Amino acid sequence: MNDLILDIDSAHIMNPLDADRFDALSIDYIALLGKEMFAEDPATHRKNPERARRLAYLIHMKMPRVNAAQFFPTSNSGTPDSIDASFKSINELALGMLYEQQKIGQLDAGKIDTQVWHRMAA
């Protein structure tokens, strides 16, 4: 999520009964939850990785092939309308390599932008 790779093993996030409870949520609603979360705090994935992990799990429930999500501001208004969301599926091997870089402290927003979103970091 954004510039952090999260482990979303469902066994560690919520029990199956909770997963059933969220089954009725649409991907648009889940994206709105993410937009609200990042409008509240753009660094929420770093400050509260468990909250980000739960959001990533919800995204994965609706779009199982998606393994990358980015929430970024389009303006400085601090409202959910000012946050845009992008979702992507990247190669599992590439994801594993990025995770290894993260574990040794060598992963940054620039590498994520280049290798996942194919653009230069701002």
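Preceding this section is the structure that the text describes.
Residues numbered from 1 in each chain as written. Predicted model: local features only at pLDDT ≥ 70, side-chain atom pairs only at ≥ 80, totals over all residues. Heavy atoms only, no water.

Participant: Can you help me understand the pattern of salt bridges in this one?
Facilitator: Side-chain pairs of opposite charge can arise whenever the charged atoms involved come near each other. Following the criterion strictly, the structure yields five salt bridges and no others. Between Arg 51 and Glu 40 there is a salt bridge, with the nearest N and O atoms lying 3.4 Å from each other. Here Arg 51, found in helix 4 (residues 49-62), pairs with Glu 40, found in helix 2 (residues 27-40); they are 11 residues apart in sequence, far enough to count as distant. You can call Arg 51 partly exposed: its relative accessible area is 27%. For Glu 40, a relative accessible area of 58% puts it in the exposed group. Among the ionic pairs, Arg 53 bridges to Glu 50, the shortest N-O distance being 2.8 Å. One end of the pair is Arg 53 and the other is Glu 50, both in helix 4 and three residues apart, which spans about a single turn. Residue classification places Glu 50 among the partly exposed positions, given a relative accessible area of 30%. (Salt bridge = Lys/Arg side-chain N within 4 Å of Asp/Glu carboxyl O. Helix = DSSP H or I, 4+ residues; strand = E, 2+ residues; numbered from the N terminus. Buried < 20%, exposed > 50% of the residue type's maximum accessible area, 1.4 Å probe, protein only.)

Participant: Looking at this structure, I do not really get the nonpolar core. What am I missing?
Facilitator: One recurring pattern in soluble globular proteins is that nonpolar side chains are buried together. By size, the foremost hydrophobic cluster in this structure holds 17 residues, and its most contacted members are Met 1, Leu 6, Met 37, Phe 38, Leu 55, Ile 59 and Phe 71. Breaking this core down by element, the ones donating at least two residues are helix 2, helix 4, strand 1 (68-73) and strand 2 (83-88). Broken down by element, this core gets its largest block of residues, five residues, from helix 4. Every residue in contact with Leu 6, bar those within four places of it in the chain, is listed here: Met 1, Pro 49, Ala 52, Arg 53 and Ala 56. Grouped together as the second largest cluster of nonpolar side chains are nine residues, Ile 5, Leu 95, Leu 98 and Ile 112 included. (Core = buried A, V, L, I, M, F, W, Y, C linked by side-chain atoms within 4.5 Å. Contact = heavy atoms within 4.5 Å.)

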